[in-house]
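Summary of the model geometry
Take a look at the letters that make up each chain.
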Amino acid sequence: MVNANGAVAPAQRSRRVGRLDGVRALCALAVTAVHVSFTAGVMGAYTVPPGNEKLAVLLAGLRPIVLGPFFVLSGMLLYRPFARWTLRGTRRPAVGPFLLKRLARLWPAYILLSLACVFLINYDSIDGVWYVLRPILMLQVYDYTWIPGMDPAWTVPAEMQYYLALPLLAVVMHWLARGVSDPARKVRRMMIPPVLMVIGSAAWTYYIHRPVMGPFPKEYWWPLAVGGAFALGMAMAVVHVRAEIDPDRKPALYRFAARRPNVLWFGALVVYAINCAQPFGRPGYGDYEQLKLAVVQYFLLLAFSYLLVMPLTVPEARSRTIDAIVDNPVTRYLGRISYGIYLWHFAVMYFWFESGNIFGTTPALMDKLRGTIGFPELITAVVIGTVLIASISHYVVERPVLNAVGRWTERRQGTAPQTVPAARPRPDGHGRQETAVPEHTAAGR
């Protein structure tokens, strides 16, 4: 909740929102299922046909749109305090503590994964200190150095770099809105950078998927391709703060999400169905996207992310169906550890196949292991192993570091310390979890 001065009450800032945790869990598990299906031979690839055509079509339809909600949540949750600075006149968030908390959110678990993959799976590949430091410093995406086990972690450097850019983007958006008293005009001016980011990200998607670039050029892993989703989240933050300023004149998109959350989720399902059909591509295949398909999927990703996330972030939106899916004890717990699930599921596959230097073998490309195991067996092993490791990472590494950094920054700022809560937030008067979205990171993961 926002007090009279436009600040977020400390109790709300420290709370997690179950519905947002739940959607993180679903997206992390969807990414896991896509990667497992490829390794198990369900999804087709190039000259290899799908092993199960119906399941392959459903799983291929998740690529790459389920990555979008991670970045949208990050952009929305993290930019919203800056949007209040511009629209409500609150104090600008301190950049130092902001960046320190973002670093504490992403880096510890990422370092743990990096060290495990380098020394357990790829020890024989170490040719110097730089091989170890490169992934720790999140720079492996620029040359591109493939480190087996860290395959899906290429999005983490992208997320970190948008964290670093966010305060600067906030200053630019604040500057554009200066001297304007009308909130609607302020909002329009603030939307200029996010719109330009969406256009620029679309142009980058076009650039890296041109035939001359070939499959998976090193530029594919750079952060520019996911900037549109982060920008969409920032734009959604502006809409939310605009609704806070004048509850009687909420933006139309906000009001519709509040009244018809199920309609938006049905729209997300339609977008997913369209992506299953793979416009300009081959349904059920995990090939590198050709130009037309890549551009279409870029906009499908944005549409899917908005339709999925917006109803979850509007406090007035009520839906028993949505709550049953994303706001139950299982999804809330998996959402709390979803960052670890996203990070570790590929490494767990290497451990399961005993493919790596710790087992006396050279880590194999996953396409070399295709069809050697059934999908039900592999997905069961990977989910169990990943949830176990992600839980340990969360409670032994991530939460202690976040809480320590939170206490330190709060002491520096002279406010009451806040910790990452373990228990479910108190329900509101309707018997459901309060949905004032906290200012902690979505992490995307």
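Residues numbered from 1 in each chain as written. Predicted model: local features only at pLDDT ≥ 70, side-chain atom pairs only at ≥ 80, totals over all residues. Heavy atoms only, no water.

Before going further, it helps to examine the nonpolar core. By size, the foremost hydrophobic cluster in this structure holds 130 residues, and its most contacted members are Tyr79, Met310 and Leu343. Beyond its immediate sequence surroundings of up to four residues, tyrosine 79 is in contact with Ser74, Leu166, Ala170, Met173, Met190, Met234, Ala237 and Val238. (Core = buried A, V, L, I, M, F, W, Y, C linked by side-chain atoms within 4.5 Å. Buried < 20%, exposed > 50% of the residue type's maximum accessible area, 1.4 Å probe, protein only. Contact = heavy atoms within 4.5 Å.)

Running from N to C, helix 7 (residues 155-176) and helix 10 (residues 227-245) cross one another at 45 degrees; their axes reach a closest spacing of 12 Å. Relative to helix 10, helix 7 is oriented oblique. In the crossing of helix 7 with helix 10, the sense of the turn from one axis to the other is right-handed. Note on element contacts: helix 10 touches helix 7 through Gly227, Phe230, Met234 and Val238, opposite Tyr162, Leu166, Leu169 and Met173. In the contact of helix 7 with helix 10, the residues fall into seven nonpolar, one polar and no charged. (Axes fitted to C-alpha atoms, helices over the stretch in contact; angles between N-to-C directions. Helix = DSSP H or I, 4+ residues; strand = E, 2+ residues; numbered from the N terminus. Parallel < 35°, antiparallel > 145°, perpendicular 65-115°, else oblique. Left-handed = near helix turned anticlockwise from the far one by under 90°. Nonpolar A, V, L, I, M, F, W, Y, C, P; charged D, E, K, R; others polar.)

Let us now look at the environment of valine 239. Structurally, the position occupied by valine 239 is in helix 10. Residue classification places valine 239 among the buried residues on the basis of a relative accessible area of 13%. Aside from chain neighbours lying at most four places away, what touches valine 239 is Met191, Pro251, Tyr254 and Met310.

Glancing now at the packing of helix 4 (residues 68-87) against helix 13 (residues 291-313). Orientation of helix 4 relative to helix 13, taken along the N-to-C sense of each, is 55 degrees, at an axis distance of 9 Å. Classed by the angle they form, the pair helix 4 and helix 13 counts as oblique. Of the two possible hands of crossing, helix 4 and helix 13 adopt the one that is right-handed. Between helix 4, through Gly68, Pro69, Val72, Leu73 and Met76, and helix 13, the contact on the second element is made entirely by Leu301, Phe304, Ser305, Leu308, Val309 and Thr313. Classifying every residue of the contact of helix 4 with helix 13 by side-chain character gives eight nonpolar, three polar and no charged.

As a further point, take unusual backbone geometry. Trans peptide bonds make up most of the peptide bonds, and negative phi angles are found at most residues other than glycine. Of note, the bond from arginine 63 into proline 64 is cis; its omega dihedral lies within 30 degrees of zero at -20 degrees. With respect to the helices and strands, the residue proline 64 is situated in the loop between helix 3 (53-60) and helix 4. The backbone of tyrosine 46 sits at a positive phi, close to 55 degrees, despite the residue not being glycine. Mapped onto the secondary structure, tyrosine 46 falls in the loop between helix 2 (18-39) and helix 3.

Attention shifts here to the environment of proline 93. Relative to the assigned elements, proline 93 resides in the loop between helix 4 and helix 5 (95-121). Distance in space between the C-alpha atoms of proline 93 and tyrosine 79 is 9.9 Å, their sequence separation being 14 residues. Setting aside chain neighbours within four positions, we find proline 93 in contact with Pro81, Phe82 and Trp85.

Looking now at a nonpolar patch on the surface. A cluster of nonpolar side chains, namely Val129, Trp130, Leu133, Leu137 and Leu139, defines an oily patch on the protein surface of about 450 Å² accessible area. When you line up the elements, leucine 139 lands in the loop between helix 6 (129-136) and helix 7. (Patch = residues over 30% accessible without salt bridge, like charges linked within 9 Å, V, L, I, M, F, W, Y side chains within 5 Å. Areas by Shrake-Rupley, 256 points an atom, 1.4 Å probe, with all protein chains shown as cover. Salt bridge = Lys/Arg side-chain N within 4 Å of Asp/Glu carboxyl O.)

The end-to-end C-alpha distance of helix 9 (residues 192-208) is 24 Å, a good match for the 24 Å that 17 residues give at a rise of 1.5 Å each. By the burial criterion, the buried members of helix 9 are Pro193, Pro194, Met197, Ser201, Ala202, Trp204, Thr205 and Ile208. (Expected span 1.5 Å × (residues − 1).)

Quick look at the side chain of arginine 84 now. Here arginine 84 shows up in helix 4. Looking at arginine 84, its side chain comes within polar contact range of the side chain of glutamate 244, at 2.7 Å. (Polar contact = N/O pair within 3.5 Å; in protein donor to acceptor, adjacent residues only side chain to side chain.)

To continue, consider helix 2. An ideal rise of 1.5 Å per residue puts 32 Å on 22 residues; helix 2 measures up with 32 Å between its terminal C-alpha atoms. With 18 of its 22 residues buried, helix 2 lies for the most part within the structure. A positive phi of about 85 degrees marks glycine 41, the residue just after helix 2.

Now for the packing of aromatic side chains. Scanning all chains against the criterion turns up 17 aromatic pairs. Judged by centre distance (5.5 Å) and plane angle (90 degrees), the rings of phenylalanine 82 and phenylalanine 98 are edge-to-face. In this pair, phenylalanine 82 is assigned in helix 4 and phenylalanine 98 in helix 5, connecting sequence segments 16 residues apart. Each of the two residues, phenylalanine 82 as well as phenylalanine 98, counts as buried. Aromatic side chains tryptophan 204 and tryptophan 222 sit 5.9 Å apart centroid to centroid with 20 degrees between the ring planes, which places their arrangement in the stacked category. Note that tryptophan 204 is positioned in helix 9 and tryptophan 222 in the loop between helix 9 and helix 10, a separation of 18 residues in sequence. Under the relative-accessibility criterion, tryptophan 204 is labelled buried at 15%. For tryptophan 222, a relative accessible area of 22% gives the class partly exposed. Every member of this aromatic cluster is reached through a ring pair, and the members are Tyr144, Trp154, Phe216, Tyr220, Trp221 and Tyr288. (Phe/Tyr/Trp six-rings, centres within 6.5 Å; stacked < 30°, edge-to-face > 60°.)

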